[in-house]
Amino acid sequence: MTNLDSAIGDATAIVSVTPVVLAAPERGDDLRVRVSAPVTGGALPVVVFSHGFGGSLDKYAPLADFWAAHGFVVLQPTHLDSRTLAVTPDDPRYANIWRIRIDDLTRVIDDLDTLVAAVPGLAGRVDVERIAVAGHSWGAQTASTLLGAGVLDAAGTSGEDFADKRVTAGVLLSLTGTGESLSPFAAENFSFMHPDFSDLTTPALIVTGDNDQSQLSTRGPDWFTDAYFMSPGAQHLLTLFGGEHSLGGIVGYNHTETTDENPERVALIQRVTTAYLRTALAVDAGSFAAASTAAAQDADTVGRIDSK
């Protein structure tokens, strides 16, 4: 990864504060957020990360720690579907969790000053005009709505516009594809998994594994590339060879849900996504191009980057 490392700069020590609690009385549970940031540096861009089903602010350390060490303030809210909470299918909020997830990300951005103030020494070092969203699996769908993706109803009509103009880039990992390909079980239980990518116009990087076979879809791993081919904003696609849904282990170190543990795969994701964020958020205009060149030279057995 030597050439890829040169594209993203040196790492620095980080600090994490958790949980920072944002009052959310209408939500039924206050919103808990982990805030991670480098201990030095200024004009730091922000990444708001949405976890996958059942996750929490304690997951995805391989990404959050790496991004923070390379100059980003990473904000990780815990959504209501988290296993750390007691929201069961008979809870009246359950059917609307997909929508509350979107509100969670918006609330984090709205209350950015509160979150920054909770970290000693961070105030005055954050550039609140440079914000990206990221997410994995269900979290990727949640994050995609702030980039412009719609959610179609049963009649195929797009509803509310969730796009947030404060967000200028996205990283979407294992993002589910279109609803036409849902399995019968998914169609019955997850009707919100019916995205419309035509208005996803904010720049984004899609990350997928070419061995990610989901029981939610009647298609193969190509289902997870739909946003790249169908949206104007998703200009880049990182494909991990042999990667399954956890993409080698991004959910956590030695996480039991990882079926395809592969440190090299995770290392490639860390570096390519960091380079992308550095370029997309105007830290280093040449970072992603340099990473793409390095990946083509050094990582052809791990993955590849396609651009359009």
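Procedures and definitions
Residues numbered from 1 in each chain as written. Predicted model: local features only at pLDDT ≥ 70, side-chain atom pairs only at ≥ 80, totals over all residues. Heavy atoms only, no water. Axes fitted to C-alpha atoms, helices over the stretch in contact; angles between N-to-C directions. Helix = DSSP H or I, 4+ residues; strand = E, 2+ residues; numbered from the N terminus. Parallel < 35°, antiparallel > 145°, perpendicular 65-115°, else oblique. Left-handed = near helix turned anticlockwise from the far one by under 90°. Contact = heavy atoms within 4.5 Å. Nonpolar A, V, L, I, M, F, W, Y, C, P; charged D, E, K, R; others polar. Expected span 1.5 Å × (residues − 1). Polar contact = N/O pair within 3.5 Å; in protein donor to acceptor, adjacent residues only side chain to side chain. 1 Å grid on protein atoms, 1.4 Å probe; cavity = no way out; pocket = protein on both sides within 12 Å on 5 of 7 lines; lining within 4 Å. Points joined across faces, edges and corners; volume = space filled by probe spheres on them. Salt bridge = Lys/Arg side-chain N within 4 Å of Asp/Glu carboxyl O. Buried < 20%, exposed > 50% of the residue type's maximum accessible area, 1.4 Å probe, protein only.

## A look at the packing of helix α3 (residues 97-110) against helix α5 (residues 138-146)
Line of reasoning, step 1. Contact geometry of α3 with α5 gives a least axis separation of 9 Å together with a crossing angle of 60°. On the basis of the axis angle, α3 is oblique to α5. Note on packing geometry: the crossing formed by α3 with α5 is right-handed. On α5, the residues that touch Ile-97, Trp-98, Arg-101, Ile-102, Leu-105 and Ile-109 of α3 are Trp-138, Gly-139, Thr-142, Ala-143, Thr-145 and Leu-146.
Line of reasoning, step 2. Of the residues in the contact of α3 with α5, the class split is 8 nonpolar, 3 polar and 1 charged.

## What about helix α8 (residues 263-280)?
Line of reasoning, step 1. A rise of 1.5 Å per residue sets the reference length of α8, with its 18 residues, at 26 Å; its end C-alpha atoms lie 25 Å apart and thus fit the reference within 8%.
Line of reasoning, step 2. One side-chain oxygen of the residue at the start of α8 lies 3.0 Å from the amide nitrogen of Glu-264, identifying that residue as Asn-262.
Line of reasoning, step 3. The positive-phi residue at the C-terminal boundary of α8 is Ala-282, with phi of around 60°.

## Considerations on the layout of surface pockets
Gaps left between atoms show up when a probe the size of a water molecule is rolled over them.
Line of reasoning, step 1. The space that makes up the largest pocket amounts to roughly 740 Å³.
Line of reasoning, step 2. For the largest pocket, the lining is made up of 29 residues, of which Phe-53, Ser-137, Leu-216, His-245 and Glu-257 are closest to its centre.
Line of reasoning, step 3. The residue makeup of the lining of the largest pocket, split by class, is 10 nonpolar, 14 polar and 5 charged.

## Details of the pattern of salt bridges
Line of reasoning, step 1. What the rule picks out here adds up to 17 salt bridges.
Line of reasoning, step 2. The closest approach of N and O atoms between Arg-34 and Asp-58, which form a salt bridge, is 2.6 Å. Here Asp-58 lies in the loop between β3 (44-50) and α2 (61-69) and Arg-34 lies in strand β2 (residues 31-38), a separation of 24 residues in the sequence.
Line of reasoning, step 3. The exposure class of Arg-34 is buried, given its relative accessible area of 17%.
Line of reasoning, step 4. It is possible to trace a salt-bridge network through shared partners that takes in Asp-29, Asp-91 and Arg-93.

Honestly, it's all geometry; don't read function into it.
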